[in-house]
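# Analysis of the macromolecular model
So you can see what is in the structure, the chains are spelled out below.
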Amino acid sequence: MKGVAHMLEKFVDRLPIMSTIQPLKITNGIPFYEVTMKESLQKLHRDLPPTRIWGYNGQFPGPTFHVFQEQPIHVLWRNELPTNHFLPIDHTVHGAGLNVPDVRTVVHLHGGSTPDTSDGYPEAWFTQGFQQLGPFFTNPVYEYPNRQAATNLWYHDHAMGITRLNIYAGLAGMYIIHDEEEQSLGLPDGPFDIPLIIQDRSFHRDGSLYYPSEPTPPVQGVIPSVIGEFFGKTNLVNGKVWPYLEVEPRMYRFRILNGANARFYRIALSNNLPFVQVGTDQGLLQGPVPVTRVLIAPAERVDVVVDFSRSSGEVITLTNDAPSSYPNGKLPNPKTTGVIMQFRVKEKLSHEEQSVIPGSLSRFETMNDHQANNQRNLLLNMRNDSYNRSIHLLNNQLWSDPITEKPRLGDVEIWSLINITNNTHPIHLHLIRFQILDRQPFDRDLYDQKGIIRPTGPQRKPKPNERGWKDTVRANPNEITRIIMKFSPYRGLFVWHCHILEHEDHEMMRPYVVVKK
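Residues numbered from 1 in each chain as written. Predicted model: local features only at pLDDT ≥ 70, side-chain atom pairs only at ≥ 80, totals over all residues. Heavy atoms only, no water.

### Thoughts on the overall build of the chain
Tallying secondary structure elements over the chain gives 5 helices and 31 strands in all. Structurally, the chain occupies a C-alpha span of about 60 × 55 × 55 Å along its principal axes. In the chain, which comprises 517 residues, the proportion classed as buried is 62%. For the chain, the share of sequence-separated contacts (at least 6 apart) that also reach a separation of at least 24 residues comes to 78%. Carbon and sulfur atoms make up 48% of the accessible area of the chain, which totals about 20100 Å². In the chain, which carries 52 positive and 53 negative side-chain charges, the distance between the mean positions of the two groups comes to 2 Å. (Helix = DSSP H or I, 4+ residues; strand = E, 2+ residues; numbered from the N terminus. Buried < 20%, exposed > 50% of the residue type's maximum accessible area, 1.4 Å probe, protein only. Contact = heavy atoms within 4.5 Å. Areas by Shrake-Rupley, 256 points an atom, 1.4 Å probe, with all protein chains shown as cover. Lys, Arg positive; Asp, Glu negative; His and termini not counted. Charge placed at Lys NZ, Arg CZ, Asp CG, Glu CD.)

Next comes the structure, spelled out in structure tokens:
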């Protein structure tokens, strides 16, 4: 695979801008959309033959939804994919056995506050033409209430045991909620407001996607076998390998999603131009935060404004220096995965700059310990499975173990995520949004010897650009990460999991249920 990555010339393809999906009809004031998952061939780089992908409406990434706060929509998700998968399925993984179809899909609106019947529960899968249905399938038409502040969500496949393969095949897209508060701010909009989905991929010489069929060293008796994490040899933005974007010398808003399976990105601009971060996963920050580097874990979103007004005629590279695995792995190769895309700044404006970055963005309550009804200590740990493979777990439990997290509707809880592994895990909870209270180091050696958690330093507040509403949090090794959230507005069955997709598929996911008060 190394040869293919080094063979591809950078910055020869223009950055694609995802199309906006339109509703088919409006019934009783509710827009109705239909999205079909299809296999197609797509040029991902000028010098690669067309690549087989699975896309929403046959596109990788899928079309972007632009919706408005308090305007619900209905979406019919259809599966017209082939019955055979083109990526290696490990049938020993829970939920991906020989008793279920190889190709099955279910769509999750990541960050959406939706009823459980429309949440994309991993066992609510369906096959081509709804011929076979998972045990939790309820309704092919999903209801998205959109009762959320302006924010950048995304939709992706969530089928039990093969999420890593279905997303890698191309099943992901952006879902942006707008509201009046955001639109009144004067931030860059129209052609100067651009979503960027960053992912990594590897290719065979014939242009087909490469995904390893087993770890190194191989697992005795299991081929293909799930791997611990996947890191591609090239970076793609909006479905193109190392693209370029021509920009004017003005402000641009970039809504950035890390859509990779496992790769963290710590992004910077090669001329040290700052990003002004205006939002996190779940919407606007209280005020803008200038930063020169931004760390983005898989599934996290950052909303930034870049001012190119003093960079006329410059060519600027968006770089990445995050280790893989994060934080203790190898640094990216500065010639391949250390590079993401290029900005080519024109000499002149097409028309006068009218965008601004206001000093105040959004008003919201900062939550604190006193509001909590309940607290939970939850371990992020590892053990070996029956094939002697390392698996990551939530609180030392498998997916199939009895449900232990049963918050009451309307309760406020603090979850302390105690990470005794060597990985940073991006932990995502469905249904709700949360705030990060703090992170605190603990004595790992003492834990390994006696199972005692003893803090070794003060509780650190999150950095200013993390002090907004979140739905995915980086839980670092040898730290206690505390998050606070209100479980509302729906009762029902949801999940929480690590968003490193290989971890999620191999047991680092648990159901939870919101129960009646």
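### Here we look at the nonpolar core
Of all hydrophobic cores here, the largest spans 62 residues; its most connected members are Phe65, Trp77 and Tyr175. Leaving out residues up to four positions away in the same chain, tryptophan 77 has contacts with Val35, Met37, Tyr56, Phe65, Val107, Phe126, Phe130, Pro140, Tyr142, Tyr144 and Tyr155. Counting 32 residues, the second-largest nonpolar core is a separate cluster that includes Val247, Ile256, Val302 and Val345. (Core = buried A, V, L, I, M, F, W, Y, C linked by side-chain atoms within 4.5 Å.)

### A word on the sheet that holds strand β9 (residues 172-178)
If you walk across this open sheet you meet the 4 strands as β4-β9-β8-β6, and the pairing is mixed. Of all the strands in the sheet, the pair left with one neighbour each is β4 (65-68) and β6 (107-110). Each adjacent strand pair in this sheet contributes to an overall mean axis angle of 25°, direction not counted. Pairing between strand β8 (residues 151-157) and β9: 6 bridges, direction antiparallel. Among the inter-strand pairings, asparagine 152 is bridged to a residue of β9, identified as isoleucine 176. (Pairing = 2+ DSSP bridges. Axes fitted to C-alpha atoms, helices over the stretch in contact; angles between N-to-C directions.)

### A few points about the sheet that holds strand β19 (residues 294-296)
One key point about sheets: their strands pair by backbone hydrogen bonds, in either a parallel or an antiparallel sense. Spatial strand order, β14-β22-β21-β16-β19: 5 strands in an open sheet with mixed pairing. Edge strands, defined here as strands with exactly one partner in the open sheet, are β14 (244-247) and β19. Averaged over neighbouring strand pairs, the angle between their axes works out to 25° when direction is ignored. Pairing of strand β21 (residues 315-320) with strand β22 (residues 339-345) involves 5 bridges; the strand directions are antiparallel. Directly across from isoleucine 316, in β22, lies its bridge partner phenylalanine 343.

### Looking at the side chain of threonine 336
Among the secondary structure elements, threonine 336 is positioned in the loop between β21 and β22. Accessibility expressed as a relative area gives 6% for threonine 336, which makes it buried. Contacts of threonine 336, omitting those with residues within four sequence positions, involve Ala5, His6, Lys10, Lys233, Asn235 and Trp242.

### Quick word on the pattern of salt bridges
Applying the stated criterion across every chain, the model contains 34 salt bridges. For glutamate 9, the salt bridge is made with arginine 46, and the minimal N-O distance between the two is 3.0 Å. Linking glutamate 9 in the loop between α1 (2-7) and β1 (25-27) with arginine 46 in the loop between β2 (30-42) and β3 (51-56), this pair joins segments that are 37 residues apart in sequence. Among the residues examined, arginine 46 registers a relative accessible area of 41% and is labelled partly exposed. Here the salt bridges share partners, and the residues they tie into one network are Asp281, Glu300, Arg301, Arg439, Glu466, Lys470, Asp471 and Arg474. (Salt bridge = Lys/Arg side-chain N within 4 Å of Asp/Glu carboxyl O.)

### Considerations on unusual backbone geometry
Of the consecutive residues phenylalanine 60 and proline 61, the connecting peptide bond is found in the cis state with omega at -10°. Along the chain, proline 61 falls in the loop between β3 and β4. Residue serine 488 is joined to proline 489 through a cis peptide bond whose omega torsion reads 5°. For proline 489, the location among the structural elements is in the loop between β29 (479-486) and β30 (492-498). Despite not being glycine, glutamate 70 has its phi angle at roughly 70°, a positive value. For glutamate 70, the position within the fold is in the loop between β4 and β5 (73-79). With a phi close to 65°, asparagine 272 is a non-glycine residue in the positive phi region.

### Points about the pairing of strand β17 (residues 275-280)
Burial within β17 is extensive, with 6 of its 6 residues counted as buried. Sheet topology places β17 next to strand β18 (residues 283-291); 5 bridges connect them, and they run antiparallel. When the sheet's bridge partners are listed, valine 276 is paired in β18 with proline 290. Adjacent in sequence and paired antiparallel, β17 and β18 are bridged by 2 residues. Of the strand pairs in this sheet, β17 and strand β20 (residues 301-307) are connected by 3 bridges, and their pairing is antiparallel. Across the sheet, glycine 279 pairs through a bridge with aspartate 303, a residue of β20.

### Examining the packing of aromatic side chains
Each aromatic ring pair is summarised here by two numbers: the centre-to-centre distance and the angle between the ring planes. Considering all chains together, one arrives at 31 aromatic pairs under this definition. Seen from their ring centres, phenylalanine 494 and tyrosine 512 are 6.0 Å apart, and the 35° between their planes marks the pair as tilted. One end of the pair, phenylalanine 494, is in strand β30; the other, tyrosine 512, is in strand β31 (residues 509-514), and 18 residues separate them in sequence. You can call tyrosine 512 buried: its relative accessible area is 0%. Within the aromatic cluster, the residues linked to one another by ring pairs are Tyr33, Tyr56, Phe65, Trp77, Tyr142, Tyr144, Tyr155 and Tyr175. Sitting over the face of the ring of phenylalanine 192, arginine 250 holds its NZ or CZ atom 4.3 Å from the ring centroid. The ring of tyrosine 244 carries the charged tip of arginine 344 above its face, separated from the ring centre by 3.7 Å. (Phe/Tyr/Trp six-rings, centres within 6.5 Å; stacked < 30°, edge-to-face > 60°. Lys NZ or Arg CZ within 6 Å of the ring centre and 35° of its normal.)

### Concerning the side chain of lysine 240
Relative to the helices and strands, lysine 240 is located in strand β13 (residues 240-241). Summary of buried charges: lysine 240 has no salt-bridge partner, and the nearest side chain of opposite charge, aspartate 13, is 4.0 Å away. A polar contact of 2.8 Å, which involves the side chain of lysine 240, links it to the backbone oxygen of lysine 43. With residues up to four places along the chain from it excluded, the contact list for lysine 240 reads Asp13, Arg14, Pro16, Lys43, Leu44 and Asn235. (Polar contact = N/O pair within 3.5 Å; in protein donor to acceptor, adjacent residues only side chain to side chain.)

### With respect to the pairing of strand β26 (residues 425-429)
Buried residues dominate β26, accounting for 5 of its 5 residues. The side-chain alternation of β26 yields two buried faces, one formed by His425, Ile427 and Leu429 and the other by Pro426 and His428. Pairing geometry for β26 and strand β28 (residues 472-475), over 4 bridges, is antiparallel. Directly across from histidine 428, in β28, lies its bridge partner threonine 472.

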